[in-house]
Every structure is written in structure tokens, then in C-alpha cells.
Amino acid sequence: MLRTPSQHGLLDALRSARSGAAALPALAPESYARDHAAFEARSDQRALIAAHLAARLALRGDGPLAVLSVGCGDGSLDVRLAGPLTDVRPVRPVRYVGVDPYVGSTTAFTAAMAGLGRESLSTEVHVATFDDAPVTGLFDVVTFVHSMYYVPDVAATLRAAHNLLRPGGELIVLNAPRGALNLLVDVLAPPIQGHRQWFSDDIAAGLVEAGLQPEATTTLDARVDLDGASEEVLDFAVQARLTPELRPLVRAYLAAVSVPGLLSDDLRVPHPVDVYRVGRAVAGVS
Ligand SMILES: C[S@@+](CC[C@H](N)C(=O)[O-])C[C@H]1O[C@@H](n2cnc3c(N)ncnc32)[C@H](O)[C@@H]1O
């Protein structure tokens, strides 16, 4: 992507401001889900993801279904997927398992699923990282929606997730590319257990390392309105607690990378998400 001198200059200014400094504080687990929701409310990405995943799940027929959502957060996305899955007639059993290390998020996930009031829906949740979650059984669909950034080892995670699929099952990873927005994350976010956040190029490399062959990648082209965003939303966007000195630079950078919205002339920051899908072969079928 070609960056204008002002985008380039502002990113360099942020790099200089951070050079040699201690890492910024990470986002607090207690407020993560709330700030994430406030961020998503300014973007059209969530609706695009929900529509994309609902369409994929609808292709899986009307028999019993097991879904594992890794990094399920507060369940606000999964509840939009589980609802239609349990609407089909005749009723079919749906097992929906969430994994997330933040108890506040898993509590909200359980409440959101219970709120659907569907007897055919059995929900389980594990308050754990994916590596530590005592998940049992096999799944038709395993999703990582914006959660692969945080795992310690992408290839090992992809391999482990693929091993949880039934024959004919599918692993779906939605992850952001290292675009204009995430160049900020690269400069500003503190390391997670010693590693930087993983973006789409890391997922592609991890799939190769894991020996998995995805379908052609799809990109959902979303836009986020960060003009006048609150400090919390700005911090979520860069995945760090910003200092008062850094915020004006970050706002100037976001203004410089903004483009007209898809449905309006208002300026929006590109907020794309890449979709990787890997199937598990059915025995005897190549
Ligand atoms: C950006 S949120 C996405 C939440 C949800 N999938 C959605 O789209 O609304 C990322 C989630 O991944 C979770 N997470 C972080 N590290 C994780 C790990 N190692 N294993 C599983 N989940 C993790 C976080 O707690 C957070 O809820």
C-alpha cells in the first residue's frame, strides 16, 4: 500500500516518540469487552462478519451441529450465529462452546446464549486460553474471530484447532491484515507474552508451517469511523493505553489514513478483515 508522506511522517514520529521507551500498558481485561463493543459500534465490520459466518454455517445442512468459538469474547457475535442455527425445523441439537481467558467475557457469553431461550442449544464455556481449555469432542466448525493475534504460536494453534474438527468440518480464522490501522498496533501495542500481535501475513505463514491448505482468502472490506473517538476507543484501536502526548499524533495519523466511507463521503479508516478457511478431509475423499 502506498502511503502519503504525511501518513509516513506521522508513523515515523510515533516510532521516534516510542524509541527506547518502556512498553505502554496493555488494555485492562476488565474493560476490554466494553471498549471492544464501543469500537465495533463505529465500524460496519461486525455486520459483515456476522453475515459472512451465518452464510457459511447455513451451508452445513440441518443436522446436529457442534461449533467452537475460540476467543468468544462477550458472545455478541456468536449469539447472532447461534440464533439462526437453532431456528431450523425440525429442531436439531446445536452444541456451542466458547473459550476465552476473561471471566467477564465468558459470563456475558453464557448470558447472551441463555437469552436466546432455545432448548436445542447446549452452551459450554471455558475460562481459559485456547492452549489450556479442556475442550472435549469434535466440532463441525471452529472459529477464531479476531483472537489469533494473541496466541503464543500460530502454527501450533492452527494444527491443534484443525485436530478438533470432525471429518468434513471447517476451521475459519478471521484476522486483520497489517493495514493502515494495524501499523499503529505494531508501533504502539505492548508485546503479549513476548510476542507482537499476529496479523494476516502471520496466519498465512502459520498455515504453511502447519501443513494446512486454506481456500482462497476472502477479504471483508469494512470501514471504521474514528473521528472524535473516545480515549477508550482510541486505546482499543491501537491495543495499548496511550499517553496524553501520543493521542494527538495518533488522531492525526488516523485522519491522514482515512478514506471516504463506502456509503457516504464521511472519512473512515479502512478496517478490513481477512477470512481463512481450512476444511478437514472426509476419509476416502481428497
Ligand atoms: C477482539 S476480541 C474478539 C471477541 C469475539 N470473537 C468477537 O469477535 O466479538 C478477542 C478475544 O480473544 C480473547 N483471547 C485473547 N487471548 C486468547 C487466547 N490465547 N485464547 C483464546 N482467546 C483469547 C480475548 O479475551 C478477547 O475476548
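Please read all numbers here as calculations on a predicted model, not as lab measurements. (Residues numbered from 1 in each chain as written. Predicted model: local features only at pLDDT ≥ 70, side-chain atom pairs only at ≥ 80, totals over all residues. Heavy atoms only, no water.)

## Section: the sheet that holds strand β3 (residues 121-127)
Then comes step 1: In space, the seven strands of this open sheet follow the order β3-β2-β1-β4-β5-β10-β6, with mixed pairing throughout. The open sheet terminates on both sides in strands that have one partner only, identified here as β3 and β6 (218-220). Pairwise comparison of adjacent strand axes, ignoring direction, gives a mean angle of 20° for this sheet.
Then comes step 2: The pairing of strand β4 (residues 139-145) with strand β5 (residues 165-175) spans six bridges and is classified as parallel. Pairing of Phe144 across the sheet is with Val173, part of β5.
Then comes step 3: Against the sheet, helix α3 (residues 45-58) contacts β1 (65-70), β4, β5, β6 and β10 (273-279), and its axis sits at roughly 170° relative to β5.
Then comes step 4: Against the sheet, helix α5 (residues 103-115) engages β2 (94-100) and β3, with an angle of about 175° to β3. (Pairing = 2+ DSSP bridges. Helix = DSSP H or I, 4+ residues; strand = E, 2+ residues; numbered from the N terminus. Axes fitted to C-alpha atoms, helices over the stretch in contact; angles between N-to-C directions. Contact = heavy atoms within 4.5 Å.)

## A word on the packing of helix α4 (residues 78-85) against α5
Then comes step 1: The geometry of α4 relative to α5 is characterised by a closest axis approach of 10 Å and an angle of 25° between their N-to-C directions. Taken together, the axes of α4 and α5 are roughly parallel relative to one another. Crossing of α4 over α5 shows right-handed handedness. Two secondary-structure elements touch here, α4 through Asp78, Val79 and Ala82 and α5 through Phe109, Ala112 and Met113. (Parallel < 35°, antiparallel > 145°, perpendicular 65-115°, else oblique. Left-handed = near helix turned anticlockwise from the far one by under 90°.)

## Section: helix α8 (residues 200-209)
Then comes step 1: Burial in α8 covers these residues: Ser200, Asp202, Ile203, Gly206 and Leu207. The buried side chains of α8 occupy one side of the element, clustering within an arc of 155° when seen end-on. Of the exposed residues in α8, those oriented more than 90 degrees away from the buried face are Val208 and Glu209.
Then comes step 2: Elements in contact with the buried residues of α8: α6 (154-163), β5 and β10.
Then comes step 3: Gly211 sits one or two residues past α8 and shows a positive phi near 70°. (Buried < 20%, exposed > 50% of the residue type's maximum accessible area, 1.4 Å probe, protein only. Arc of directions from axis to C-beta.)

## Considerations on the pairing of β1
Then comes step 1: Most of β1 sits out of view: six of its six residues are buried.
Then comes step 2: Both faces of β1 are covered, namely the face carrying Leu65, Val67 and Ser69 and the face carrying Ala66, Leu68 and Val70.
Then comes step 3: As judged from the six bridges shared by β1 and β2, these two strands associate in the parallel manner. Looking at the pairing, Ser69 lines up with Gly98 of β2.
Then comes step 4: In this fold, the crossover linking β1 to β2 by way of α4 has right-handed handedness.
Then comes step 5: Bridging between β1 and β4 involves four bridges; their strand directions are parallel. Paired with Val67 across the strands is Val141, a residue of β4. (Right-handed = clockwise from strand over helix to strand, strands pointing away.)

## So, the site of the ligand
Then comes step 1: In the vicinity of the ligand, 16 residues are found, and the nearest of them are Arg46, Gly71, Asp100, Phe130 and Val145.
Then comes step 2: Between Arg46 and the ligand, the recorded distance is 2.7 Å, taken from a side-chain N or O atom to an oxygen atom.
Then comes step 3: Here a nitrogen atom of the ligand and a backbone polar atom of Gly71 are 2.7 Å apart.
Then comes step 4: Look at the ligand: alone it shows 590 Å² of surface, and the protein chains cover 94% of it. (Near = heavy atom within 4 Å. Polar contact = N/O pair within 3.5 Å; in protein donor to acceptor, adjacent residues only side chain to side chain. Areas by Shrake-Rupley, 256 points an atom, 1.4 Å probe, with all protein chains shown as cover.)

## Some details on the pairing of β10
Then comes step 1: Within β10, six of the seven residues are buried, which leaves the element mostly enclosed by the surrounding structure.
Then comes step 2: Here β5 pairs with β10 via six bridges, running antiparallel. Paired with Glu170 across the strands is Gly279, a residue of β10.
Then comes step 3: By the bridge criterion, three bridges tie β6 to β10 in an arrangement that is antiparallel. Each residue of the ladder has a partner; that of Leu220, found in β10, is Val273.

This is a description of form; function is not addressed.
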